[in-house]
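# Geometric and topological summary
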Amino acid sequence: NETGRTDYILNNYPVKQITRVNIVVEVTETVTRGTTQDGRDALAHQPVKEILEVKQGGTTYVRNKDWQKIGNYIDWNIPGGSEPASGTSYTVKYRYTYTMQTSEFSVVEKGINGEKFHFLRLTSTSHIPVVDTDIDVDYDYYLARKDLILMDRNGEVSILEGIPAKVNKANTPINSDVTLLVIGSVLALPNSTDIHIVNEYTTRLTQAELYNLKRRIDDLEVSIAMTDLDREAID
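Residues numbered from 1 in each chain as written. Predicted model: local features only at pLDDT ≥ 70, side-chain atom pairs only at ≥ 80, totals over all residues. Heavy atoms only, no water.

## Description of the pattern of salt bridges
For side chains of opposite charge, pairing can occur when their charged atoms come near one another. So the rule is basically this: Counted as salt bridges are all cases of a side-chain nitrogen of Lys or Arg within 4 Å of a carboxyl oxygen of Asp or Glu. Only runs of H or I of at least four residues qualify as helices and only runs of E of at least two qualify as strands under DSSP, and these elements are numbered from the N terminus. Buried means the residue's accessible area, taken with a 1.4 Å probe over protein chains only, is under 20% of the maximum for its type, while exposed means over 50%, and partly exposed covers the values in between.
The tally for this structure, following the rule as stated, stands at 11 salt bridges. K110 is paired through a salt bridge with D7; the nearest N and O atoms lie 2.8 Å apart. You can see K110 sitting in strand β9 (residues 105-112) and its partner D7 sitting in strand β1 (residues 7-9), a full 103 residues away along the chain. According to the relative accessible area criterion, K110 is partly exposed, its value standing at 32%.

## Comments concerning the pairing of strand β10 (residues 115-122)
To be explicit about the condition: A pair of strands is treated as paired once DSSP finds two or more bridges between them.
Relative to β10, β1 is paired through 3 bridges, and the arrangement is antiparallel. Looking at the pairing, D7 lines up with R121 of β10. Bridging between β9 and β10 involves 8 bridges; their strand directions are antiparallel. Within the sheet, the bridge partner assigned to G111 lies in β10 and is K116. Turn length for the β9-β10 hairpin, with the two strands adjacent in sequence and antiparallel, is 2 residues, and the turn residue N113 shows positive phi of about 55°.

## Examining the layout of surface pockets
Rule in force here: Cavities and pockets are found on a 1 Å grid laid over the protein atoms alone: a cavity is a set of points where a 1.4 Å probe fits but cannot escape, a pocket is an open set with protein on both sides within 12 Å along at least five of seven lines, and a lining residue has an atom within 4 Å of such a point. Grid points are joined across faces, edges and corners, and a volume is the space filled by probe spheres set on the points. Here the term charged refers only to Asp, Glu, Lys and Arg, the term nonpolar to Ala, Val, Leu, Ile, Met, Phe, Trp, Tyr, Cys and Pro, and the term polar to all other amino acids, Gly among them.
Looking at the largest pocket, its volume works out to about 240 Å³. As for the largest pocket, its lining consists of 15 residues, of which N11, N12, Y13, E115 and V167 are closest to the centre. Sort the elements by how many residues they give to the lining of the largest pocket and β10 lands first, with 3 residues. Residue composition of the lining of the largest pocket, by class: 9 nonpolar, 3 polar and 3 charged.

Take a look at the structure:
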């Protein structure tokens with residue numbers, strides 16, 4: 001988190017929905033010392049991440065000398081330590097992890113160098129993350145998929161589905177059925193009706209076309225052999 005910043009880029013695109021956003025918030029709270037000597041006082045905002053300062057008037061209580069943090073409590077059970085009098089008030093400055101409400105954030109789309117990205121936008125004015133702390137985001141995003149288009153000997157078309165992945169990591173599945181002919185493949189883009197088609201250009205040849213192809217290959221082999229002999233004679 002940075003001062004004044006509200007938009008944070010998400011690593012995956014496109015985003016379907018954000019399910020959870022956790023930020024670190026800093027507060028100063030007035031706490032009433034409990035009636036038990038060397039006891040514990042609970043803090044209102046939980047879970048407590050870090051306690052920064054404990055004061056009463058002009059007295060600042062020292063960590064691990066007067067008090068210690070145990071879970072979400074200030075624990076005064078330290079031999080020889082000082083503590084506020086029972087029933088008196090003191091202030092605690094601390095940081096805690098806050099789970100934001102859905103009304104406090106949104107997803108926005110931006111273009112950077114011609115490429116689209118989704119950003120987390122924090123809209124809350126009452127819960128501001130502490131500078132230089134992490135923001136934890138749980139979210140769902142869409143994946144791409146590459147499928148093979150196959151045909152059997154009867155002309156029936158079938159689809160061999162690939163494994164969903166990011167666009168740049170979507171791999172074409174391998175056809176292990178030798179009785180099926182690969183016609184092509186399609187790349188289904190995430191959260192889109194657009195597809196990219198790769199045609200295998202599979203073509204059926206007649207017997208005459210196969211004969212002509214064989215003759216051309218034979219002629220090519222003869223030409224290559226004669227060229228090799230000419231080169232040898234020149235050498």
